[in-house]
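Below, each chain spelled out in residue letters.
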Amino acid sequence: MLVDRIKNFIIWLYIEHLIMNEFYVGTQLFLGFNEKENFTKNDIKKKIISAKELINLQSIMIWTQYDPEIYTFIIEVCKENDIETYLWFPVLSDICSFEVKEEHLLLNYEGSRGYGKFGKWDMLDSLGNAFKFVCSNNPNVMDQVFDILKDLLRKYDFDGVFFDKIRFPSIANGFESLFTCFCEFCQKKFEANYNYSLSSFKDNIQSLMSNIKKIEDKHLKEYQNFDDLLLAFDLKDFFQFRKNNISELVGNFCDYVHSLNKKIGLDLYTPSLSSIVSQDYERLSLKCDWMKPMFYCHTIGPAGIPFEISVLFQALKQLNPKLSDVAIIEFAEKIVDIELSKDYNEIIQEGINEKFIGKEIDKIYNLNIPENVKLYPGVETIINPDYGTNINEEILEIYLKEIKLKTPGFIASWNLLHMPEDNLQYISKLINKKSIKM
């Protein structure tokens, strides 16, 4: 039909426009304790130069856990190769050079801190990144974190800052961790803003937990998404308060960085899961230059879509063993808005359909996001069996097709040092294609 032809022609023109304009490629470089032994400065330099030559790398987000002076070396290498550098800065968890104490951690509705138990990921205790979250309203913590940021930006000549861990915990920290924080600072701030007590939500949360423990499959089907579950127990103000806390904190940090004439990128959960960790795309977009939604279709680790489905599955199963696998997976389908395998193990082993990315990008573009804020999807481009990221050419081709159709670039995630040369070469072929088959 004529209408379809016109529509396809418009899409083709848009694609050609994106292709004719330089396609932006950034990446992340993490130097943990193991990398100190495995990678020399020369190894790091070779990897950066190779990425520049193969994919015209334009930016690197850098985070080290062992020697901040490596920043100087990497920044010099990047300047020589016309690559922008960003300080990769975790804000509320795994904070650089900050010792987290028990009293700093989020306080849940039961009066305990740290991890919950329902759905908690067993590997958290063994990771270098423990994903223990501090409270954004605790001035004793956030003033120190802010000072660490300012000190790093004084010492090292970064072009910008990439803020990570700007959220509340996901179910990976235990289902109970979703219902935080009830510390004295949150209590005081909530009452000042809403004119009633934050503690009043404890009964609502207890009711929700009790309800989950006894519902049947047919009751779970009544909820269209996770927000429906929260609204059913009158938790709207509670979760809006959490979103406000994250947006305000990030806004303060971003205002400082922008005052230094440096750029800002934000690491965000994919839109379908962002409300669970209290990230508000519209408000956060007002404070940054670009956003990196984490579209990890194969990762078994926090922010990975199959992983977040798996911890939801485990939490609901542990809370209510009577719920069927199919009912839980169908509930998860409504949350992520894509068809899933009804076999739980297959979701873990095979991941989810990569076309999920296109649908999530559309959700972002349907929000009220400033036109000048760039969208650079983050997708896995590494091979790391421990996290399920055995990313091959077939997966990369679908990823890049979905991204090139709708965005001006992407972030190859998440650690350049573990990115196979073959993948870099294949990405190079894909981003330099003159056209895309529809």
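What you see is a predicted model, and the numbers here were worked out from it, not measured in a lab.

Criteria and thresholds
Residues numbered from 1 in each chain as written. Predicted model: local features only at pLDDT ≥ 70, side-chain atom pairs only at ≥ 80, totals over all residues. Heavy atoms only, no water. Helix = DSSP H or I, 4+ residues; strand = E, 2+ residues; numbered from the N terminus. Rg over C-alpha atoms; globule rule 2.2 N^0.38 Å. Buried < 20%, exposed > 50% of the residue type's maximum accessible area, 1.4 Å probe, protein only. Contact = heavy atoms within 4.5 Å. Lys, Arg positive; Asp, Glu negative; His and termini not counted. Charge placed at Lys NZ, Arg CZ, Asp CG, Glu CD. Salt bridge = Lys/Arg side-chain N within 4 Å of Asp/Glu carboxyl O. Polar contact = N/O pair within 3.5 Å; in protein donor to acceptor, adjacent residues only side chain to side chain. Axes fitted to C-alpha atoms, helices over the stretch in contact; angles between N-to-C directions. Parallel < 35°, antiparallel > 145°, perpendicular 65-115°, else oblique. Nonpolar A, V, L, I, M, F, W, Y, C, P; charged D, E, K, R; others polar. pLDDT = per-residue confidence, 0-100.

Caption draft 1: The overall build of the protein, seen in detail. Within the protein one finds 18 helices and 11 strands. The C-alpha radius of gyration of the protein comes to 22 Å, within 12% of the 22 Å expected for a compact globule of 438 residues. Taken over the C-alpha atoms alone, the protein extends approximately 60 × 60 × 40 Å along its principal axes. A burial count over the protein gives 58% of its 438 residues as buried. Sequence separation of at least 24 residues holds for 81% of the intrachain contacts in the protein that already meet a minimum separation of 6. The centroid of the 49 positive side-chain charges in the protein is displaced by 2 Å from the centroid of its 64 negative side-chain charges.

Caption draft 2: Structural view of the pattern of salt bridges. Summed over all chains, the structure comprises 16 salt bridges. The salt bridge partner of Asp255 is Lys287, with a shortest N-O separation of 3.0 Å. One end of the pair, Asp255, is in helix α10 (residues 236–259); the other, Lys287, is in the loop between α12 (281–285) and β6 (290–294), with 32 residues separating them in the sequence. In this structure, Glu333 engages Lys342 in a salt bridge whose closest nitrogen and oxygen atoms are separated by 2.9 Å. Glu333 gets classed as buried once you look at its relative accessible area, which sits at 15%. The exposure class assigned to Lys342 is partly exposed, which follows from its relative accessible area of 35%. Among the charged side chains, a network of salt bridges with common partners joins Asp337, Lys359, Glu360 and Lys363.

Caption draft 3: Here's a closer look at the environment of Ser275. Looking at where Ser275 falls in the secondary structure, it is placed in the loop between α11 (271–274) and α12. Judged by its relative accessible area of 15%, Ser275 falls in the buried class. Distance from Ser275 to Lys243, taken between C-alpha atoms, is 8.1 Å for residues 32 residues apart in sequence. Filtering out sequence-adjacent residues up to four positions away, Ser275 remains in contact with Asp227, Phe239 and Lys243. Here the side chain of Ser275 touches Asp227 through a polar contact of 3.2 Å, side chain to side chain.

Caption draft 4: Geometry of the environment of Leu235. Among the secondary structure elements, Leu235 is positioned in the loop between α9 (226–231) and α10. Taking C-alpha positions, Leu235 is 7.2 Å from Asn204, a pair spaced 31 residues apart along the chain. With near-sequence residues (within four places) excluded, Leu235 lies in contact with Phe179, Phe201, Asn204, Ile205, Leu208 and Leu230.

Caption draft 5: Highlighting the side chain of Glu360. Looking at the secondary structure, you find Glu360 in helix α16 (residues 356–365). Taking the relative accessible area as the measure of exposure, Glu360 reaches 1% and is therefore buried. A distance of 2.7 Å separates the side chain of Glu360 from the side chain of Thr270, its partner in a polar contact. Apart from residues lying up to four places away in sequence, Glu360 is in contact with Thr270, Pro271, Ser272, Phe295 and Val336.

Caption draft 6: Spatial organisation of the packing of helix α6 (residues 184–194) against α10. Look at α6 against α10: their axes get within 11 Å of each other, and the N-to-C directions meet at 105 degrees. With respect to α10, the axis of α6 lies roughly perpendicular. In this structure, α6 contributes Cys186, Lys189, Phe190, Asn193 and Tyr194 to the contact, and α10 contributes Asp237, Gln240, Phe241, Asn244, Asn245 and Glu248. Split by residue class, the contact of α6 with α10 holds 4 nonpolar, 4 polar and 3 charged.

Caption draft 7: Spotlight on the confidence of the model for the protein. Per-residue pLDDT for the protein averages 91, and the proportion of residues at 70 or more is 91%. Per-residue pLDDT stays below 50 along residues 5–20; that stretch engages in 17 contacts with residues further than four places along the chain or on separate chains. Scored below 50 in pLDDT, residues 434–438 shows 12 contacts in the model against residues more than four places distant or in partner chains.

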